Amino acid sequence: MRTIQFREAVCEAMSEEMRRDESVYLMGEEVAEYNGAYKASKGMLDEFGPKRVIDTPIAELGFAGIAVGSAMNGCRPIVEFMTFNFSLVGIDQIINNAAKMRQMSAGQFPMPMVFRGPTASAGQLAATHSQAFENWFANTPGLKVVVPSNPYDAKGLLKSAIRDNDPVIFMESEQMYGDKGEVPEGEYTIPLGVADIKREGTDVTIVSFGKIIKEAYVAADELAKEGISCEIIDLRTVRPMDYETILTSVKKTNRLVVLEEAWPFASVASEITYMVQERAFDYLDAPVQRITTADTPAPYSPTLLKEWLPNANDVIKAVKKVLYK
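Sequence order as written defines the numbering, with residues in each chain counted from 1. In keeping with the model being predicted, local features are shown solely for residues with a pLDDT of at least 70 and side-chain atom pairs are shown and tallied solely at 80 or more, while totals for entire chains, interfaces and linings include all residues. Each side-chain value is worked out from all heavy atoms of the structure, with water and hydrogens disregarded.

### Considering the overall build of the protein
We count it as follows: Only DSSP runs of H or I covering at least 4 residues are called helices, and only runs of E covering at least 2 are called strands; the numbering of each starts at the N terminus. Every radius of gyration here is taken over C-alpha atoms, with the globule rule written as 2.2 Å times N^0.38, N being the number of residues. Here's how the labels work: a residue is buried when its accessible area is under 20% of the maximum for its type, exposed when over 50%, partly exposed in between, all with a 1.4 Å probe on protein chains only. Only heavy atoms matter for contacts: two residues are in contact if any of them lie within 4.5 Å across the pair. Computed with a 1.4 Å probe, the accessible areas rest on the Shrake-Rupley method; for each residue, only the protein chains presented here act as cover.
Of the regular secondary structure elements, the protein holds twelve helices and 14 strands. Expected size for 325 residues packed as a compact globule is a radius of gyration near 20 Å; at 20 Å, the protein falls within 12% of this value. Dimensions of the protein along its principal axes, counting C-alpha atoms only, are 60 × 45 × 40 Å. Buried residues in the protein amount to 56% of all 325 residues. Residue pairs in contact within the protein that sit at least 24 positions apart in sequence constitute 82% of those at least 6 positions apart. Carbon and sulfur atoms make up 53% of the accessible area of the protein, which amounts to about 13,600 Å² in all.

### Quick notes on the sheet that holds strand β4 (residues 76-80)
Pairing between sheet strands relies on hydrogen bonds along the backbone, with the strands arranged either parallel or antiparallel. What counts here: Strand pairing is defined by DSSP finding a minimum of two bridges between the two strands. All axes here are fitted lines through C-alpha atoms, helices being fitted over the stretch that makes contact, and every angle between N-to-C directions spans 0 to 180 degrees.
The seven strands lie next to each other as β3-β2-β4-β5-β7-β6-β12, forming an open sheet whose pairing is mixed. Lying at the two open borders of the sheet, with one neighbouring strand each, are β3 (53-55) and β12 (237-239). Going across the sheet, the axis of each strand differs from the next one's by a mean of 20°, ignoring polarity. Relative to β4, strand β2 (residues 24-28) runs parallel, the two being bridged by five bridges. The residue of β4 that forms the bridge with Y25 is P77. Against the sheet, helix α1 (residues 6-20) engages β2, β3, β4, β5 (114-118) and β7 (168-172), with an angle of about 135° to β2. Strands in contact with helix α7 (residues 151-163) are β2, β4, β5, β6 (144-146), β7 and β12; relative to β7, the strand with the most contacts, it is inclined by about 160°.

### Side note on the packing of helix α3 (residues 60-72) against helix α4 (residues 91-98)
Note the threshold: Between 65 and 115 degrees an angle is taken as roughly perpendicular, under 35 as roughly parallel, over 145 as roughly antiparallel, and anywhere else as oblique. Residues are grouped as follows: Ala, Val, Leu, Ile, Met, Phe, Trp, Tyr, Cys and Pro are nonpolar; Asp, Glu, Lys and Arg are charged; every other residue, Gly included, is polar.
Orientation of α3 relative to α4, taken along the N-to-C sense of each, is 25°, at an axis distance of 8 Å. Between α3 and α4, the angle is such that the two are roughly parallel. In this structure, α3 uses L61, A64, G65 and V68 to contact α4, whose residues at the interface are D92, Q93, N97 and A98. Of the residues assigned to the contact of α3 with α4, the class counts are four nonpolar, three polar and one charged.

### Re the pattern of salt bridges
Definition in use: Salt bridges are defined by distance alone: a side-chain nitrogen of Lys or Arg within 4 Å of a carboxyl oxygen of Asp or Glu.
Taken as a whole and assessed by the stated rule, the structure comprises 28 salt bridges. For D196, the salt bridge identified is with R236, shortest N-O distance 4.0 Å. Here D196 is found in strand β9 (residues 196-199), whereas its partner R236 is found in the loop between β11 (230-234) and β12, with 40 residues between them in sequence. Connected via shared salt-bridge partners are R2, E12, E16, E17, R20, K155, K159, R163, E185 and E187.

### Regarding the domain arrangement of the protein
Convention followed: For the domain bounds, the source is a domain assignment made automatically or taken from a database. Buried area is understood as the total, over both parts, of accessible area removed when two parts are fitted together, assessed with a 1.4 Å probe.
Under the domain assignment, the protein is made up of domain 1 (2-183) and domain 2 (196-323). Placing the centre of domain 1 and that of domain 2 at their C-alpha centroids yields a distance of 27 Å. The partner domain 2 presents 28 residues to the 30 residues of domain 1 that form the contact. Broken down residue by residue, the surface that domain 1 buries against domain 2 is led by Q124, N135 and V147, which jointly contribute 24%.

### Focus on the nonpolar core
The criterion, for reference: Working definition of a nonpolar core: buried Ala, Val, Leu, Ile, Met, Phe, Trp, Tyr and Cys residues. They are joined through side-chain atoms within 4.5 Å.
Membership of the largest hydrophobic core comes to 45 residues, with the highest contact counts inside it found for F115, F137, I169, I272 and V276. Of all the elements in the fold, those that place two or more residues in this core are β2, α3, α4, α6 (134-138), β7, α9 (243-253), β13 (256-259) and α10 (268-279). Per element, the largest residue contribution to this core is five residues, and it comes from α3. Per-domain counts for this core show at least three residues from each of domain 1 (2-183) and domain 2 (196-323). Not counting chain neighbours up to four residues away, the residues in contact with I272 comprise V207, L235, M241, I246, L256 and V258. Among the nonpolar cores identified, the runner-up in size contains 34 residues, and A13, V146, L157 and A161 belong to it.

### Details of the environment of I58
Within the secondary structure, I58 is located in the loop between β3 and α3. A relative accessible area of 75% means that I58 is categorised as exposed. Along the backbone, I58 and A127 are 69 residues apart, and their C-alpha atoms lie at a distance of 20 Å.

### Considerations on the UniProt feature "domain: Transketolase-like pyrimidine-binding" (unreviewed entry) in the protein
Convention followed: UniProt positions are given in the numbering used here, feature names are shortened, and annotations may be inferred rather than shown by experiment.
Per the UniProt record, the feature "domain: Transketolase-like pyrimidine-binding" (unreviewed entry) sits at residues 4-179. Annotated as residues 4-179, this span is 36% helix and 16% strand, and its ends, taken at the C-alpha atoms, are 8 Å apart.

### Section: α10
The criterion, for reference: The span one expects for a helix is its residue count, reduced by one, times 1.5 Å. By definition, the arc is the one covered by directions from the helix axis to the C-beta atoms.
Between its first and last C-alpha atoms α10 spans 17 Å; for twelve residues at 1.5 Å apiece the expected length is 16 Å, and the two agree. Those residues of α10 not exposed but buried are V268, A269, I272, M275 and V276. Buried residues in α10, looked at end-on, bunch into an arc of 130°, giving them a common side. Considering only its buried residues, α10 is in contact with α6, β10 (204-208), β12, α9, β13 and β14 (289-291).

### Regarding the environment of T293
The test is simple: Nitrogen and oxygen atoms within 3.5 Å of one another constitute a polar contact, given that in protein one can donate a hydrogen and the other can accept it, and given that sequence-neighbouring residues count only through two side-chain atoms.
Relative to the helices and strands, T293 is located in the loop between β14 and α11 (302-308). Residues T293 and R163 lie 130 residues apart in sequence; the distance between their C-alpha atoms is 33 Å. For T293, the residues in contact, after removing those within four places along its chain, are E260, E261, A262, W263, P264, W308 and P310. In terms of polar contacts, T293 uses its side chain to reach the backbone amide nitrogen of W263, at 3.5 Å.

And the structure:
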């Protein structure tokens, strides 16, 4: 199977869906002439032209609103935010219009649209460029939230997101665009709302998503040397969440660690912890452990940033804690 970069998988997904359906178009800052801030739309302007690959001004509220209106009129827009930190400028359109229009119109207006771009930290970019808002958007009824961790999942999930008749928040990472992975040549999709067991295990369940799941893989390799078997679940979709896959795993391993690159208060990890204690309490042999960033804005200092971010050592400590080792 061929190996391609994450950015190429994203570009292929968008291009294939635009060839398949003329109502699909891409808009955002630098997506056309510059081939995308992270080159995730390379070559798309040449193929589809300026009416379907549209450079916008630096005005997220404006072009998010244009996308909402066009979705109400039969288009299927893909909106790229240069980073989801900038989506806050357009969040009124996402939360108050895109997420609610189907209900407020009594089903007359489906909202087939995708808001995509990078999330969370990407090195020394400081507090206002290092935020993860998956839990913010997942808190909103009417939105679906997808956070892939590898090129294969990214392509299959993005194609499903573009075809979906509800608004989808599709969150990537600046630090993953160059990641390489195996992606088949042929057509495939991955359904939204289905988690993936990336690694089978028997002693503890680790649930994560997005680029931070790489730390779980590193930790699992180290723990295996000590005879500790970790089962790693990649959520892939934060909302709708695949609770059944998590619960089935916890009923097998009896222990749960949740790894998330976000602030701890009202996090995705908090939701998972609640659902597990409600529906699988009698199966737990230890309190659930969650690993998040520190509960502060992201620091600029490289030394402080290293302490702020979760890492494999944090995962190892949490696993040993639930195993009472």
